[in-house]
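Summary of the model geometry
Listed below are the residues making up each chain.
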Amino acid sequence: GAVVSQHPSWVICKSGTSVKIECRSLDFQATTMFWYRQFPKQSLMLMATSNEGSKATYEQGVEKDKFLINHASLTLSTLTVTSAHPEDSSFYICSARSGATDTQYFGPGTRLTVL
Amino acid sequence: AQSVTQLGSHVSVSEGALVLLRCNYSSSVPPYLFWYVQYPNQGLQLLLKYTSAATLVKGINGFEAEFKKSETSFHLTKPSAHMSDAAEYFCAVTGGGADGLTFGKGTHLIIQP
């Protein structure tokens with residue numbers, strides 16, 4: 001149980017284009033999902049907290065207009081990187097919080113490379 | 001606010017030896033503490049968590065951790081290392097279940113044959 005999927009697992013795009021990453025909780029409902037960013041050989045940094053049906057809460061320093069988050073249902077949150085640039089290249093990982101276990105379960109991550 | 005310090009970016013142990021990964025935390029509220037493991041190019045897998053119940057927490061794959069409030073520590077141990085334990089380990093803290101996690105910088109565990 002408590003499986004979280006992400007799609008795509010990797011994506012390469014040209015500078016200036018937008019990329020959408022999906023995060024799904026497969027066997028539980030998640031009122032709260034989180035988006036993290038991980039640079040090579042570094043730790044995870046929380047980007048934003050996504051609550052179903054409301055606007056996401058962004059951490060300080062994260063551009064909300066660049067990283068658009070939509071939490072459309074209790075099992076789906078999306079992160080759209082708008083007008084991507086090479087510095088946006090990173091490993092993006094989502095997590096979904098299970099209310100039953102009060103624990104965040106992580107997706108497998110999406111590696112974004114912007115050329 | 002919360003923070004996590006993991007001592008030792010790399011830890012090397014022999015197969016069969018004790019594994020000890022250190023984690024100290026700072027939290028302005030009673031903390032929830034977690035250990036996650038990450039294999040290359042993968043997401044994070046939960047090893048164990050502390051949420052104010054028993055101070056000695058047992059997790060998967062033979063790992064356990066002890067919450068020591070007086071030392072603000074949550075060190076991860078395993079009695080006997082296995083080659084498959086080689087991975088990156090992250091300690092994380094949150095002040096509440098609905099809050100995001102604050103991660104330590106991670107410890108890369110190397111298992112020597």
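The structure contained in this document is the topic of the report that follows. All of these numbers come straight from a predicted model, not from anything done at the bench.

Here is what the cut-offs are and how they apply
Residues numbered from 1 in each chain as written. Chains lettered and ligands numbered in written order. Predicted model: local features only at pLDDT ≥ 70, side-chain atom pairs only at ≥ 80, totals over all residues. Heavy atoms only, no water. Patch = residues over 30% accessible without salt bridge, like charges linked within 9 Å, V, L, I, M, F, W, Y side chains within 5 Å. Areas by Shrake-Rupley, 256 points an atom, 1.4 Å probe, with all protein chains shown as cover. Salt bridge = Lys/Arg side-chain N within 4 Å of Asp/Glu carboxyl O. Helix = DSSP H or I, 4+ residues; strand = E, 2+ residues; numbered from the N terminus. Buried < 20%, exposed > 50% of the residue type's maximum accessible area, 1.4 Å probe, protein only. Contact = heavy atoms within 4.5 Å. Buried area = accessible area lost by both parts, 1.4 Å probe. Polar contact = N/O pair within 3.5 Å; in protein donor to acceptor, adjacent residues only side chain to side chain. Nonpolar A, V, L, I, M, F, W, Y, C, P; charged D, E, K, R; others polar. Disulfide = S-S within 2.5 Å. Pairing = 2+ DSSP bridges. Axes fitted to C-alpha atoms, helices over the stretch in contact; angles between N-to-C directions. 1 Å grid on protein atoms, 1.4 Å probe; cavity = no way out; pocket = protein on both sides within 12 Å on 5 of 7 lines; lining within 4 Å. Points joined across faces, edges and corners; volume = space filled by probe spheres on them.

Description of a nonpolar patch on the surface
All names here are of chain A.
- Nonpolar side chains collect at one region of the surface, where Trp-10, Ile-12 and Leu-115 lie side by side and expose about 390 Å² of accessible area between them.
- Considering the arrangement of structural elements, one finds Trp-10 in strand 2 (residues 10-13).
- We classify Trp-10 as exposed; its relative accessible area is 58%.

Comments concerning the interface of chain B and chain A
- Of the residues lining the interface, 19 residues belong to chain B; the matching set on chain A comes to 20 residues.
- Around 1400 Å² of area is buried between chain B and chain A when both sides are counted, 53% of it from carbon and sulfur atoms.
- At the surface where chain B touches chain A, the tally comes to zero salt bridges.
- Seen at the junction of chain B and chain A, the total is eight residue pairs in polar contact (both at pLDDT 80 or more).
- When contributions to the side of chain B that touches chain A are tallied by element, the ones reaching two or more residues are strand 5 (32-38) and strand 6 (44-50) of chain B.
- Within the side of chain B that touches chain A, the residues separate by chemical class into nine nonpolar, seven polar and three charged.

Digging into the state of the cysteines
- Going through the model one piece at a time under the given rule, you end up with two disulfides over all chains.
- Each sulfur in the disulfide pair Cys23(A) and Cys94(A) lies 2.0 Å from the other. Disulfide Cys23(A)-Cys94(A): the torsion about the S-S bond is 80°, which places it as right-handed. Linking Cys23(A) in strand 3 (residues 19-25) with Cys94(A) in strand 9 (residues 90-98), this pair joins segments that are 71 residues apart in sequence. Summarising the burial analysis for this pair, Cys23(A) and Cys94(A) share the class buried.
- With its sulfur 2.0 Å from that of its partner, Cys23(B) forms a disulfide with Cys91(B). Classification of the bridge connecting Cys23(B) and Cys91(B) rests on its S-S torsion, roughly -60°, and on that basis the disulfide is left-handed. Of this pair, Cys23(B) sits in the loop between strand 3 (19-21) and strand 4 (24-27) while Cys91(B) sits in strand 10 (residues 87-94), placing them 68 residues apart in sequence.
- Residue Cys23(B) is classed as buried on the basis of its relative accessible area, which comes to 0%.
- In this structure Cys91(B) comes out as buried when scored by relative accessible area, which is 0%.

Quick look at the sheet that holds strand 7 (residues 67-73) of chain A
Residue and element names in this part refer to chain A.
- Taken in spatial order, the four strands of this open sheet run 1-3-8-7, and their pairing is antiparallel. A single partner strand is all that each edge strand has here, and the edge strands are strand 1 (4-7) and strand 7. Each strand of the sheet is rotated relative to its neighbour by a mean of 15°, with strand direction disregarded.
- Bridge count between strand 1 and strand 3: four bridges; the pairing is antiparallel. Each bridged residue has a counterpart across the sheet, and for His-7 the counterpart in strand 3 is Glu-22.

Re the pattern of salt bridges
Residue and element names in this part refer to chain B.
- Summed over the entire model, instances satisfying the criterion amount to five salt bridges over all chains.
- Across the pair Glu-64 and Lys-58 runs a salt bridge whose closest N-O atoms are separated by 2.7 Å.
- Its salt-bridge partner being Lys-78, residue Asp-85 comes within 2.8 Å of it at the nearest N-O pair.
- Note on Lys-78: relative accessible area 11%, which makes it buried.

A few points about the layout of surface pockets
- In this structure, the largest pocket encloses a volume near 550 Å³.
- Around the largest pocket, the lining is made up of 21 residues, and of these Pro40(A), Lys41(A), Gln42(A), Gln38(B) and Glu88(B) lie nearest the centre.
- Broken down by element, the lining of the largest pocket gets its largest block of residues, three residues, from strand 10 of chain B.
- Partitioned by chemical class, the residues of the lining of the largest pocket number eight nonpolar, nine polar and four charged.
- A volume near 420 Å³ is recorded for the second largest pocket.
- If you trace the second largest pocket, you find 18 residues lining it, with Leu44(A), Met45(A), Leu46(A), Met47(A) and Thr102(B) closest to the centre.
- Listing elements by their share of the lining of the second largest pocket, those giving two or more residues are strand 5 (44-51) of chain A together with strand 11 (102-103) of chain B.
- At four residues, strand 5 of chain A tops the list of elements feeding residues into the lining of the second largest pocket.

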